[in-house]
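# Examining the three-dimensional arrangement
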Amino acid sequence: MFCFGHRGAAGHEPENTLRSIRKALELGAHGIEVDVHFTDGHLVVIHDDTLQRTTNGRGPVAKKTFAELRTLDAGHGERIPTPAEVFDAVARRALINVELKGPRTAAPVVALIDEYVRQRGWHYEDFLLSSFDHEQVCQAKHLRPEIRTAPLINKIPPGLAEFAEQMGAWAVNVSRRCVTQALVDDAHARGLKVFVYTINESRDIAKMKSLGVDGVFSDFPERAII
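Attention in this report is confined to the structure presented alongside it. This structure is a prediction, so every number in the text was calculated from the model and none was measured.

This part is about the overall build of the protein chain. The helix and strand tally for the protein chain stands at nine helices and nine strands. For the protein chain, the spread of C-alpha atoms along the three principal axes comes to 45 × 40 × 35 Å. Each of the 226 residues in the protein chain was classed as buried or not, and the buried ones make up 55%. Across the protein chain, every contact between residues at least 6 apart in sequence was considered, and the portion connecting residues at least 24 apart equals 53%. Carbon and sulfur atoms form 48% of the exposed surface of the protein chain, whose accessible area is close to 9,900 Å².

Turning to helix 5 (residues 134-143), its buried residues number three or more, namely Gln136, Val137, Ala140 and Lys141. One face of helix 5 carries all of its buried residues, which in axial projection span an arc of 135°. For helix 5, exposure combined with an orientation more than 90 degrees from the buried face picks out Glu135 and His142. For helix 5, the elements touching its buried residues are strand 4 (95-100), helix 4 (106-120), strand 5 (127-131) and strand 6 (148-153).

Tracing the sequence through the fold places Gln136 in helix 5. Residue Gln136 is classed as buried on the basis of its relative accessible area, which comes to 6%. As a C-alpha pair, Gln136 and Ala107 span 29 residues in sequence and 8.6 Å in three-dimensional space. Among all residues touching Gln136, those that are not within four sequence positions of it are Leu100, Gly102, Pro103, Arg104, Thr105, Ala106 and Ser131.

Turning next to the side chain of Asp219. Topologically, Asp219 is positioned in the loop between strand 9 (215-218) and helix 9 (221-224). Among the polar contacts made by the side chain of Asp219, one reaches the side chain of His6 at a distance of 2.7 Å. The residues contacting Asp219, other than those within four sequence positions of it, are His6, Ala9, Ala10, Gly11, His12, Thr198 and Asn200.

For the structure shown, the criterion picks out one cavity of 30 Å³ or more. In this model, the largest cavity occupies a volume close to 40 Å³. Lining the largest cavity are Glu15, Asn16, Thr17, Val45, Ile46, His47, Thr54, Thr55, Ala74 and Ile80.

Moving on, we get to the packing of helix 1 (residues 18-26) against helix 3 (residues 83-90). In helix packing, the relevant descriptors are the interaxial angle and the interaxial distance, both defined with respect to the helix axes. At their nearest, the axes of helix 1 and helix 3 sit 10 Å apart, and the two run at 25° to each other. On the basis of their axis angle, the class for helix 1 and helix 3 is roughly parallel. Crossing of helix 1 over helix 3 shows right-handed handedness. Each of Leu18, Ile21 and Leu25 in helix 1 lies in contact with helix 3, whose residues at this interface are Glu85, Val86, Ala89 and Val90. Looking at the contact of helix 1 with helix 3, its residues break down into six nonpolar, no polar and one charged.

Glancing now at the nonpolar core. One finds Ile21, Ile32, Phe87 and Ile113 to be the most contacted residues of the largest nonpolar core, which totals 32 residues. Of all the secondary-structure elements, those providing two or more residues to this core are helix 1, strand 2 (31-39), strand 3 (42-45), helix 3, strand 4, helix 4 and strand 5. Take this core: its biggest share by element is seven residues, from helix 4. Ala164, Cys178, Val184 and Val194 belong to the second largest nonpolar core, which has 25 residues in total.

Examined against the element boundaries, Gln52 turns out to sit in the loop between strand 3 and helix 2 (66-70). Placed 22 residues apart in sequence, Gln52 and Ala74 show a C-alpha to C-alpha distance of 9.7 Å. Look past the residues within four positions of Gln52 in its chain and what remains in contact with it is Gly57, Arg58 and Gly59. A distance of 3.1 Å separates a polar atom in the side chain of Gln52 from the backbone nitrogen of Gly59.

Attention now goes to unusual backbone geometry. Along the chain, Tyr197 connects to Thr198 via a cis peptide bond; the corresponding omega equals -25°. Positionally, Thr198 belongs in the loop between strand 8 (193-197) and helix 8 (202-211). Located in the positive-phi region is Asp40, a residue other than glycine, with phi close to 55°. Among the secondary structure elements, Asp40 is positioned in the loop between strand 2 and strand 3. By relative accessible area, Asp40 is classed as partly exposed at 45%. Of note in this structure, Arg92 is not a glycine but carries a positive phi near 65°. Mapped onto the elements of the fold, Arg92 is located in the loop between helix 3 and strand 4.

Parameters and conventions
- Every chain is numbered independently, its residues counted from 1 as its sequence is written.
- Local features in a predicted model are, by the rule used here, given only for residues with pLDDT of at least 70; side-chain atom pairs are given and counted only at 80 or more, and totals for whole chains, interfaces and linings are based on all residues.
- Computation of side-chain values: all heavy atoms of the structure, hydrogens and water removed.
- A run of H or I in DSSP counts as a helix once it spans at least four residues, and a run of E counts as a strand once it spans at least two, with each numbered from the N terminus.
- Type-normalised accessible area, obtained with a 1.4 Å probe on protein chains alone, sets the label of each residue: buried when under 20%, exposed when over 50%, and partly exposed for intermediate values.
- Here, two residues are considered to be in contact whenever any of their heavy atoms come within 4.5 Å of each other.
- Shrake-Rupley sampling with a 1.4 Å probe provides the accessible areas, and residues are treated as covered by the protein chains on show and by no other component.
- An arc is given here, and it is the one of the directions from the helix axis to the C-beta atoms.
- By the criterion applied in these results, polar contacts are pairs of N or O atoms within 3.5 Å in which, for protein atoms, one can donate a hydrogen and the other can accept it, and in which residues neighboring in sequence qualify only through two side-chain atoms.
- With a 1 Å grid laid over protein atoms only, a set of points is called a cavity when a 1.4 Å probe fits there but cannot get out and a pocket when it is open yet has protein on both sides within 12 Å along at least five of seven lines; lining residues have an atom within 4 Å of a point.
- Grid points are joined across faces, edges and corners, and a volume is the space filled by probe spheres set on the points.
- Every angle, taken between N-to-C directions, lies between 0 and 180 degrees, and every axis is a line fitted to C-alpha atoms, over only the stretch in contact when it is a helix.
- Each angle gets one of four labels, with under 35 degrees taken as roughly parallel, over 145 as roughly antiparallel, 65 to 115 as roughly perpendicular, and the rest as oblique.
- If you view the pair so one helix is near and one far, a crossing is left-handed when the near helix is turned anticlockwise from the far one by less than a right angle, and right-handed when it is turned clockwise.
- By the convention adopted, Pro, Cys, Tyr, Trp, Phe, Met, Ile, Leu, Val and Ala count as nonpolar, Lys, Arg, Asp and Glu as charged, and the other residues, Gly among them, as polar.
- For this analysis, a nonpolar core means a set of buried residues of the types Ala, Val, Leu, Ile, Met, Phe, Trp, Tyr and Cys, connected via side-chain atoms within 4.5 Å.

Here is the structure:
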């Protein structure tokens, strides 16, 4: 079963840091998932809209300059990384799932991916873009149809797989609380992958395997890689 290291290996190291990403790769993760905001004209890798949970800073991410964000400690002396630093750390050893957080993220992320494909020999298949903001997912797909996309889902609306198929998605990234056999079967019938988050416990890993999902996101990648 495919396993994305969730925010790197967030069960072992500070989430969304290069240290966490290196740990996930060391543990054998097939994919790396990170969260990206666009602020002050720059892309930064952090999950929350605010700083206090994961850094020694306070206040909204959007209210800080890029220079200020880069001075913060994101855990064990790690800086808030940029997506380019994440890409360089992964070095095509794993699929990179970039979760688009907040508005205006799709275009700069697509531009960065274009740079890596056109100038550094990467492939569009090295990336997966996802978001709860499905407008951002659709914008990314419009800007660069070759990029794989996945709507993020934490509740199952009627016709989810059909909706994902119509938006040109490659996969659906679904909460473990709402994944069902019917959804998995419908998605697979439409040629869609199903990845489930966040799966850390052995009983949940076993359940996902029984449902036939394509992969999971885990804070402890080594538990799901069997």
